[in-house]
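Read off the chains here:
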Amino acid sequence: MYRLLRAPFQPVTYSRWLHLCVPLLLLAIWMFVVPEWPWGPMLLVLPFGLVPWVRLAEGLQAQFLLTPYDRGSADGSISLAPSAHWGDRWRTVLWLETRMVIATGAVAATVWMPALTVELFANALGFSPDPGPLAPLIPERRWVAALLVPVPLLVLMVVVVLLGELITAIATRLLGPSAAERLSALEARTEQLLERTRIARELHDSIGHALTVAVVQAGAARAAGDPAFTDRALCAIEETGRAALEDLERVLGVLRESGQPPSQRPTLAEADRLLESARASGSEVDAQLTGPLEKLPGPVTREGYRILQESLTNVLRHCGPVPVRVRVEMAVDRLEMEVTNPLPERPGVTLGGGSGLRGIRERAALLGGEAETGPHEGGWRVRARLPLERIR
């Protein structure tokens with residue numbers, strides 16, 4: 001009851017009313033051309049429903065007039081796609097036929113209810129009722145006719161609201177997304193969420209590494225008081241900052257969806273850049289890279305670079321310029337990576353609670369591998385194994 005009382009004040013009521021009246025335009029044209037065959041439009045819409053783009057056109061019109069609150073929504077209740085299967089085509093045919101039937105009832109009420117109101121009002125003023133199909137509904141007593149004047153308009157509003165709700169429910173059922181479209185939309189939404197997570201990891205790893213190197217270099221240069229060391233530190237900060245700016249520009253390009261191809265993500269073939277950055281920060285890096293790393297599959301070499309980057313960043317951030325041992329080996333079926341370093345002799349140092357180490361484990365898990373982070377023989381170790389067979 002409350003919805004009926006509120007309906008006259010909602011724009012969607014009148015947009016649905018318009019949607020109900022549109023099909024009768026076809027019937028009006030048809031009756032003007034072939035008046036002896038009024039059911040022609042019911043047969044005429046049959047072949048049109050089998051055309052794929054008709055479903056797209058009906059979906060656009062239905063979403064615009066029946067469910068305007070879904071307008072622009074990627075997962076609306078009404079599909080905005082052409083028919084992809086025969087099931088979609090037959091549902092479109094059924095929709096067109098059903099829409100014609102419901103529209104006939106809506107237009108009949110739209111025409112006859114106001115006409116009945118006019119007849120009742122005329123009778124209440126003392127005019128004789130017009131002899132026609134509405135004459136039996138006009139009471140003889142004028143005061144009764146006066147009381148009944150608003151009733152047809154109220155009936156019209158109820159009919160419009162109920163038929164609007166009915167046609168919307170049917171449109172949701174017949175023009176709604178199919179199971180394949182729902183699955184496609186779910187996959188697209190999942191890909192979007194994964195892309196956002198990946199971008200967050202990229203920003204954390206690249207920008208975090210650059211800031212950590214810059215802070216360590218600046219602190220070491222200030223403590224050393226050596227102009228030559230300061231010059232080397234500034235060069236390292238400049239190189240690391242430039243690389244971080246390239247990563248930031250690429251990530252922002254993805255976020256903007258500008259259509260420009262993003263710059264190539266760094267790979268393990270460029271691992272020397274990370275090692276030199278760590279050495280420039282004062283760490284003694286013992287690195288051993290084994291195997292043709294340039295031949296690694298794209299996902300493995302890119303994620304491997306980020307794992308190595310976060311491992312070195314974690315060392316510099318929490319332990320400072322301590323000796324680091326790096327082992328990267330490309331075997332036949334896997335890539336093994338290991339970064340170890342001693343823990344500084346000061347209380348309160350911990351490496352296991354940050355989001356960086358969690359990101360390392362997530363990167364390895366996404367490729368079907370595994371990563372271990374934790375204390376090892378009095379120091380700290382990050383060890384990752386990434387499979388190669390399932391990636392190729």
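Residues numbered from 1 in each chain as written. Predicted model: local features only at pLDDT ≥ 70, side-chain atom pairs only at ≥ 80, totals over all residues. Heavy atoms only, no water.

(A) Representation of the overall build of the protein within the structure. When you go through the protein residue by residue, the secondary structure sums to 13 helices and 5 strands. Counting only residues that meet the buried cut, the protein has 42% of its 392 residues in that class. At a minimum sequence separation of 6, the contacts of the protein that also span at least 24 residues come to 71%. When the accessible surface of the protein is summed, it comes to about 21,700 Å², and 64% of that surface belongs to carbon and sulfur atoms. (Helix = DSSP H or I, 4+ residues; strand = E, 2+ residues; numbered from the N terminus. Buried < 20%, exposed > 50% of the residue type's maximum accessible area, 1.4 Å probe, protein only. Contact = heavy atoms within 4.5 Å. Areas by Shrake-Rupley, 256 points an atom, 1.4 Å probe, with all protein chains shown as cover.)

(B) Region of the structure containing the pairing of strand β4 (residues 370-376). Pairing of β4 with strand β5 (residues 379-387), which is carried by 7 bridges, proceeds in the antiparallel orientation. Its bridge partner lying in β5, P375 is registered against W380. Linking β4 to β5, which pair antiparallel, is a turn of 2 residues; within it E377 sits at a positive phi near 55 degrees. (Pairing = 2+ DSSP bridges.)

(C) Main features of the nonpolar core. With 33 residues, the main nonpolar core has L268, L296, L308, L312, V326 and L335 as its most contacted residues. Those elements that provide at least two residues to this core are α11 (271-280), α12 (298-319), β2 (324-330), β3 (334-342), α13 (355-366) and β5. Broken down by element, this core gets its largest block of residues, 7 residues, from α12. In terms of nonpolar packing, the next biggest core, distinct from the first, is built from 16 residues, V45, L163, A171 and L174 among them. (Core = buried A, V, L, I, M, F, W, Y, C linked by side-chain atoms within 4.5 Å.)

(D) Just the pairing of strand β1 (residues 285-290), in detail. Relative to β2, β1 runs parallel, the two being bridged by 6 bridges. Bridging across to β2, L289 finds its partner in V328. For the crossover that starts at β1, traverses α12 and ends in the parallel β2, the hand is left-handed. (Right-handed = clockwise from strand over helix to strand, strands pointing away.)

(E) Quick peek at the pattern of salt bridges. Enumeration according to the criterion identifies 14 salt bridges in this entry. Between D88 and R91 there is a salt bridge whose closest N-O contact spans 3.3 Å. Placement of both D88 and R91 in helix α6 (residues 86-124) is noted, with a separation of 3 residues, approximately one turn of the helix. Put simply, E372 and R381 hold a salt bridge, and the shortest N to O gap is 3.7 Å. Here R381 falls in the buried class, since its relative accessible area comes to 16%. (Salt bridge = Lys/Arg side-chain N within 4 Å of Asp/Glu carboxyl O.)

(F) How the structure looks around the sheet that holds β5. Spatial ordering of the open sheet is given by β1-β2-β3-β5-β4, a layout of 5 strands whose pairing is mixed. Taken across any chain shown, the strands that pair with only one partner, and hence form the sheet edges, are β1 and β4. Each neighbouring strand pair of the sheet contributes to a mean axis angle of 5 degrees, computed without reference to strand direction. Bridging between β3 and β5 involves 9 bridges; their strand directions are antiparallel. Each residue of the ladder has a partner; that of T340, found in β5, is R381. Its contacts with the sheet put α11 on β1 and β2, and the angle it makes with β1 is roughly 170 degrees. (Axes fitted to C-alpha atoms, helices over the stretch in contact; angles between N-to-C directions.)

(G) Focus on the packing of helix α2 (residues 11-21) against α6. The N-to-C vectors of α2 and α6 enclose an angle of 110 degrees; their axes lie 7 Å apart at closest approach. As far as their axial angle goes, α6 and α2 are roughly perpendicular. Between α2, through W17, H19, L20 and C21, and α6, the contact on the second element is made entirely by W95, R99, I102, A103, A106, V107 and T110. (Parallel < 35°, antiparallel > 145°, perpendicular 65-115°, else oblique.)

(H) Highlighting the environment of V160. Mapped onto the fold, V160 is located in helix α8 (residues 151-174). For the pair formed by V160 and V107, sequence separation is 53 residues and the distance between their alpha carbons is 9.4 Å. What V160 contacts, discounting residues up to four positions off in sequence, is T13, W17 and L20.

(I) The arrangement of the UniProt feature "transmembrane region" (unreviewed entry) in the protein in detail. If you check UniProt for "transmembrane region" (unreviewed entry), the listed places come out as residues 12-33, 39-56, 100-122 and 142-163 in our numbering. Between the C-alpha atoms that bound residues 100-122 there is a distance of 33 Å. The span itself is 100% helix and 0% strand. The span residues 142-163 carries 91% helix and 0% strand; its end-to-end C-alpha distance comes to 32 Å. (UniProt positions renumbered as here; feature names shortened; annotations may be inferred.)

(J) The arrangement of the packing of aromatic side chains in detail. Using the criterion set out here, one finds 2 aromatic pairs in the structure. Of note, R89 hangs over the ring of W86, and the distance from its end group to the ring centre comes to 4.7 Å. (Phe/Tyr/Trp six-rings, centres within 6.5 Å; stacked < 30°, edge-to-face > 60°. Lys NZ or Arg CZ within 6 Å of the ring centre and 35° of its normal.)

(K) Looking closely at a nonpolar patch on the surface. A surface patch of nonpolar side chains, about 390 Å² in accessible area, is lined by I29, F32 and V33. Relative to the helices and strands, F32 resides in helix α3 (residues 23-33). (Patch = residues over 30% accessible without salt bridge, like charges linked within 9 Å, V, L, I, M, F, W, Y side chains within 5 Å.)

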